[in-house]
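Fold and contact review
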Amino acid sequence: MSIFRLFARPRSAPMARERLQVLLSHERSSVGNDLVTLLREEILAVIARHVQVDPDKVQVKVDRDEHVSILEIDVEIPRDAHVMAA
Amino acid sequence: MGKVVVVTSGKGGVGKTTSTAALGAALAQRNEKVVVVDFDVGLRNLDLVMGAERRVVYDIVNVIQGDAKLPQALIRDKRLDNLFLLPASQTRDKDALTPEGVERVMADLKRYFDWVICDSPAGIERGATLAMRHADMAVVVTNPEVSSVRDSDRIIGLLDAKTMKAERGERIEKHLLLTRYDVNRAERGDMLKVEDVLEILSIPLIGIIPESSDVLRASNIGAPVTLADAKSAPAMAYFDAARRLAGEDLPITIPGEKRGIFGKIFGRKAA
């Protein structure tokens, strides 16, 4: 392998290692996983109680990091949506 | 009573069947009575890798359903007198394996053989959990690749929860067998290193099998690599792994490692 290639391409193995460590620390503690699922369901249920929400206009994103997880819920509420959900 | 070993991985295609055949033949060459059992009902392949595909008459499902006696279903290896194969069925659905039936067959096999080596199907479904159910020890076959390592982690969790040993509160012995390892790519930083995988999975290492064309050649001719070419690098790695499985304490070597002057100075170890 030439010295140029060494510069051109960063090593991939350290990235694999880091990704695995983060992923597995989450998968091993299934509690953490369930909590995010639970929060997602309950938060959406609360929103649905007050406004009619088009399910297609709801975006849920989760980002699991080594120390924290970020749960991002993006709900599009139309202007005439003050109609209470049934 | 013989020892029951499950060769498992979660992910498919990492070398479970190759490793089952190679370890079985290696142990049999130590003059121990060995049976390799194919649990992959519906997709059997151990018979092919062992070179016994044309001699399959009965299989494990026939034995469980009472259509055949266990000795009728066992196929003796043509090269080693004390190596036997219990094939899986090719046609029936996987529900044909019942927990009670498997328990009976395993109990019988343990009486006759020193080693009962179970080749698990991929996945975490019934076939895989039945294959590990009665194991005393597990060989977790892993490639130095992210999806394989993740699946091995899941399997290790299952081994600690779903085996008889675990349910009795005992510890099931788990060993990592790293296969398809390419020392050059690992040194270049393009493949997870032995130390990386060990650190992530934290179970003891039983061997490192190098990526090698000898493995494919062995399966082409229908022989475990430890019989096809006993002097090849993967065969020697499997022989060492078999000795460790039998309880010998051998230092781990990384196959294919070119020990230059730096290697000699900093003499590194894998485990």
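Residues numbered from 1 in each chain as written. Chains lettered and ligands numbered in written order. Predicted model: local features only at pLDDT ≥ 70, side-chain atom pairs only at ≥ 80, totals over all residues. Heavy atoms only, no water.

Focus on the layout of surface pockets
All names here are of chain B.
- In this structure, the largest pocket spans a volume of roughly 530 Å³.
- At the level of secondary structure, the elements contributing two or more residues to the lining of the largest pocket comprise α1 (16–28), α2 (46–50), β7 (173–181), β8 (205–210) and α11 (213–221).
- Residue contributions to the lining of the largest pocket peak at 4 residues, all from α1.
- Class assignment for the residues of the lining of the largest pocket results in 11 nonpolar, 10 polar and 7 charged.
- Along its surface, the second largest pocket is lined by 13 residues, and Pro144, Glu145, Arg185, Asp190 and Met191 are the ones closest to its centre.
- Residue composition of the lining of the second largest pocket, grouped by class: 6 nonpolar, 2 polar and 5 charged. (1 Å grid on protein atoms, 1.4 Å probe; cavity = no way out; pocket = protein on both sides within 12 Å on 5 of 7 lines; lining within 4 Å. Points joined across faces, edges and corners; volume = space filled by probe spheres on them. Helix = DSSP H or I, 4+ residues; strand = E, 2+ residues; numbered from the N terminus. Nonpolar A, V, L, I, M, F, W, Y, C, P; charged D, E, K, R; others polar.)

What to know about empty space enclosed by the protein
All names here are of chain B.
- Applying the stated criterion across every chain yields a total of 1 cavity of 30 Å³ or more.
- Of the voids in this model, the largest cavity is the one considered here, and its volume is about 30 Å³.
- Taken together, Thr18, Ala21, Val49, Val215, Ala218, Ser219, Ala223, Pro224 and Val225 make up the lining of the largest cavity.
- If you list the elements that add at least two residues to the lining of the largest cavity, you get α1 and α11.
- Among the elements that make up the lining of the largest cavity, the one with the highest residue count is α11 (3 residues).
- Within the lining of the largest cavity, the residues separate by chemical class into 7 nonpolar, 2 polar and no charged.

Focus on the confidence of the model for chain A
- Taken over all residues, the pLDDT of chain A has a mean of 76, while the share at 70 or more is 78%.
- Here helix α1 (residues 3–8) of chain A stands out as the element of chain A with the lowest mean pLDDT, 59, in contrast to helix α2 (residues 13–28) of chain A, whose mean of 86 is the highest. (pLDDT = per-residue confidence, 0-100.)

Comments concerning the pairing of strand β4 (residues 83–86) of chain B
Residues and elements named next belong to chain B.
- Here β4 shows two buried faces, one formed by Leu83 and Leu85 and the other by Phe84 and Leu86.
- Pairing of strand β3 (residues 75–76) with β4 involves 2 bridges; the strand directions are antiparallel. Bridge pairing in β4 places Ile75 opposite Leu85.
- As consecutive antiparallel partners, β3 and β4 are separated by 6 residues. (Buried < 20%, exposed > 50% of the residue type's maximum accessible area, 1.4 Å probe, protein only. Pairing = 2+ DSSP bridges.)

Looking at the packing of α2 of chain A against helix α7 (residues 146–162) of chain B
- Direction vectors running N to C along α2 of chain A and α7 of chain B enclose 25°, while the axes themselves pass 10 Å from each other. Viewed along their axes, α2 of chain A and α7 of chain B adopt a mutual orientation that is roughly parallel. Regarding α2 of chain A and α7 of chain B, the two cross each other, and that crossing is right-handed. Of the residues in α7 of chain B, those in contact with Ala16, Leu20, Leu23, Leu24, Glu27 and Arg28 of chain A of α2 of chain A are Val146, Val149, Arg150 and Asp153 of chain B.
- In terms of residue class, the contact of α2 of chain A with α7 of chain B is made up of 6 nonpolar, no polar and 4 charged. (Axes fitted to C-alpha atoms, helices over the stretch in contact; angles between N-to-C directions. Parallel < 35°, antiparallel > 145°, perpendicular 65-115°, else oblique. Left-handed = near helix turned anticlockwise from the far one by under 90°. Contact = heavy atoms within 4.5 Å.)

So, unusual backbone geometry
Residues and elements named next belong to chain B.
- The backbone of Asn31 sits at a positive phi, close to 65°, despite the residue not being glycine.
- Here Asn31 is to be found in the loop between α1 and β2 (34–38).
- We classify Asn31 as exposed; its relative accessible area is 69%.
- Phi is positive for Arg180, which is not a glycine, with a value near 55°.
- As for its placement among the helices and strands, Arg180 is situated in strand β7.

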